[in-house]
Amino acid sequence: MKQTDKALDKNRPGQEQGLSFWQCFARNRLYSRDLPGLRPYLYIIPFFLAYLVLDFSLRFTYRGMGIVGVKYLPAGLFTLGWALVFAGLVFFLPKVPRWFVRCVPLVTFVVLAITHSGFMSAFRKFFSFSSLSFGGTGSFVDASYITINWKVIAGSAIAVLLMMTSGRLLKVIPPKPVKGSVLAGVLACLVGAGLVAFTHTHYFPVVDTVIWENSAEDAQKTAYHEFNDTTNALMISGLYQYTMRDLGRLVFPQNTMTDEERRQVDEYVAEYEAAQKDNAYTGLLAGKNVIMVQLEAIDTWMLQEDYMPNLAKLKAEGLSFTNHYTPAYITAGTFNTEFMANTGLIPATGGISTSVYANNAYPYSMANLFRAAGYTAQSFHNSEGTVYDRGAVHPNLGYEAYHSGSDMAMEDYQMDRYLINGFDTMTSGDPFYSFVITYSGHGPYGDESPIYQANAQAAQAMAQRTDGNYVYAVAGAMETDRFVGELVDKLEEKGLLEDTVLIFYADHYNYYMMDDGLNMEIKGVNNMNMLQHTDFFLWSADLEPTQIDKVTSTLDVLPTVANLFGLDTSGAFLAGHDALGEPGGYVFFADGSWYDGTTYWSSKNGGAGDETRSAEINRITTLSNRVLAGNYYGTAEQSP
């Protein structure tokens, strides 16, 4: 103790006493003799500021991405509260646990902030722990897809430097364990926890009777509680509150429905059924065979005669929905769309265990509806059944079997041409329904890709541009089109073409181009939501070439197909609508924005819009989430 007093003697030169730079700095600049009791505890100031800087840098960097900006008060209060909690813990803990609490949580949050930035660059949304359920199962993230914003890097670096400064100050004058510091630390924790609790209850009260409203405040409450969009959830609650809630929802997922929540879904089902009317297309294709093909990364500009002559011909001769969109709700873009098209529901976006896909009951899925009508139902894809756990998910959706690339003896799983190996199985049954997911449009692109090597000459000759990854994308489209051509030829050869309906839709826009600016230029749009315009069409020998301009989305695929084939969906919760009927006519996106062919209403920028439509969309999004969380169909009352 005497040595410490001597070391801090301001009347003797620092070098003479053998003091380091930090000790001299602390002695001469930080520790005023007027505050002797507080000097050992000044380390807490840079530590506290580190949490504020880290959160602010992340929300400032992406301040235009959500429905609230960086000045949103509740987010700031949540951050302040959590910073007080962590600072309070450090303030009164003994040396070893103090080091752990001082270093590990902040470093973890720094890693998370950087992860959020990388995730945003690849998926246009923030990271959620629920995304880990798709890790290694086809949610492909090549290193070239990821960039970290320099503002987030700078904020993270400043936060780490502040933490290191706190550590250096601790080393200069270690604080004594006194009753006052313990009491101060406990008080800081209590104040911080109280601030978090106050902000949670005061700004985001749970009032089920108003969850359908469309005011800015209610939109914020829904985004906070329902966790439907990770970007809005983080911007509204700040990095620390978002992380704690996201982790809590992963560990303790919602898996029940209250009686009130079930009543709300029942009420919606009754309203939905009452609005359904037969139209000129109802039952038109009943009894015909069906092959439904989900096209991997086939964008609207790719589906043209020069690149995909077989598919372009079918589109021109079929029933085409010209204003179709594929909104992405989860980062697993392909699975996002196949789940919506197969169930008419929005996939779980957070706070719900992904086991709902393999364990919940889906009596009104596409496969189960066709099987109830006497069809066989099987699914086919290049990848193994472990990818997105399709080997378990597809049978749970009603498919009798999932057939992988190895099951079909594909010589190269990346090459769609080898999907034709499964033709005999695809067409087994009378009648049959087969669901096929292509692969060759998938990234990453490059000269070494076998897809490009097989189609390079044709792609280079036909490509209308050479910038970015355009030529590689064209090569992928050509490979997929080769399978489509062979499929049609085989159906005709076997005498099945006249009695088989072909359904095609894209799983997402081609984000493997890795240049959304170029994508927007090609497609003539100016925002990320409208960039999600893709193709959806049906071909049948019984259909005249027809274009439907009504706005549709992936959620409309199931109800539209069900109407055309006269399938029984009475009692089903459907988030979409029959594209050939009167209801619907709009698409809503993950951030709450919507488009109806005339009006584009942005949840970020506001503006004039139909409040009734916004409220309806809010209702559908919330109820769909609850149907999954509570396994709504898993009771006898809701099963057909």
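Structural data are supplied above this passage.
Within each chain, residue numbers correspond to sequence positions counted from 1 in written order. In view of the model being predicted, local features appear only for residues whose pLDDT reaches at least 70, and side-chain atom pairs are presented and counted only at 80 or more, with totals across whole chains, interfaces and linings using the full set of residues. Excluded from the side-chain calculations are hydrogens and water; all other atoms, namely the structure's heavy atoms, are used.

> I keep staring at the packing of aromatic side chains and nothing clicks. Help me out?
What characterises a pair of aromatic rings is the spacing of the ring centres plus the angle enclosed by the ring planes. Pairing of aromatic rings covers Phe, Tyr and Trp, the last through its six-membered ring, and needs centres within 6.5 Å; plane angles under 30 degrees mean stacked, over 60 mean edge-to-face, and all others mean tilted. The final tally for this structure, using the stated rule, is 43 aromatic pairs. An angle of 70 degrees between the planes, with centres 5.8 Å apart, marks the rings of Y325 and Y595 as edge-to-face. With a gap of 270 residues between them, Y325 in strand β2 (residues 319-325) and Y595 in strand β11 (residues 594-595) connect regions that are remote in the sequence. The burial state of Y325 is the same as that of Y595; both residues are buried. With a centroid separation of 5.8 Å and an interplanar angle of 85 degrees, the aromatic rings of F339 and Y362 are classed as edge-to-face. Highlighted residues: F339 in helix α13 (residues 333-343) and Y362 in the loop between α14 (355-359) and α15 (366-372), separated in sequence by 23 residues. As far as the burial class goes, F339 and Y362 line up, both buried. Site record: aromatic cluster; members linked through ring pairs are F47, Y51, W82, F86, F109 and Y240. A ring is scored as having a charge over it whenever the NZ atom of a lysine or the CZ atom of an arginine sits within 6 Å of its centre and within 35 degrees of its normal. Its end group placed over the ring of F60, R63 keeps NZ or CZ at 4.0 Å from the ring centre. Above the face of the W594 ring, R613 is positioned so that its terminal group lies 5.7 Å from the ring centre. Helix and strand assignments follow DSSP, with helices taken as H or I runs no shorter than four residues and strands as E runs no shorter than two, numbered in order from the N terminus. With a 1.4 Å probe rolled over the protein chains alone, any residue whose accessible area is under 20% of its type maximum counts as buried; one over 50% counts as exposed, and the rest are partly exposed.

> What exactly am I supposed to notice about the sheet that holds β11 here?
Sheet strands pair via backbone hydrogen bonds, and the direction of the pair is either parallel or antiparallel. Across the sheet, which stays open at both edges, the three strands sit in the order β10-β11-β12 with antiparallel pairing between neighbours. The sheet is open, and its two edges are formed by β10 (587-588) and β12 (600-601), each paired on a single side. Whether two strands pair depends on DSSP finding at least two bridges between them. Bridge count for β10 against β11 is two bridges, and the pairing is antiparallel. Bridge assignment links F588 to a residue of β11, and that residue is W594.

> What's the story with the pairing of strand β5 (residues 432-437) in this structure? I'm lost.
Note on strand geometry: in a regular strand, side chains alternate between the two faces of the sheet. Of all six residues in β5, six are buried, a share of seventy percent or more. Alternating positions in β5 separate into two faces, F432, S434 and V436 on one and Y433, F435 and I437 on the other, with burial throughout. Looking at chain direction, strand β1 (residues 289-295) and β5 are connected through five bridges and run parallel. Residue pairing in the sheet places M292 in a bridge with F435 of β5.

No statement about biological role is implied by the geometric values presented.
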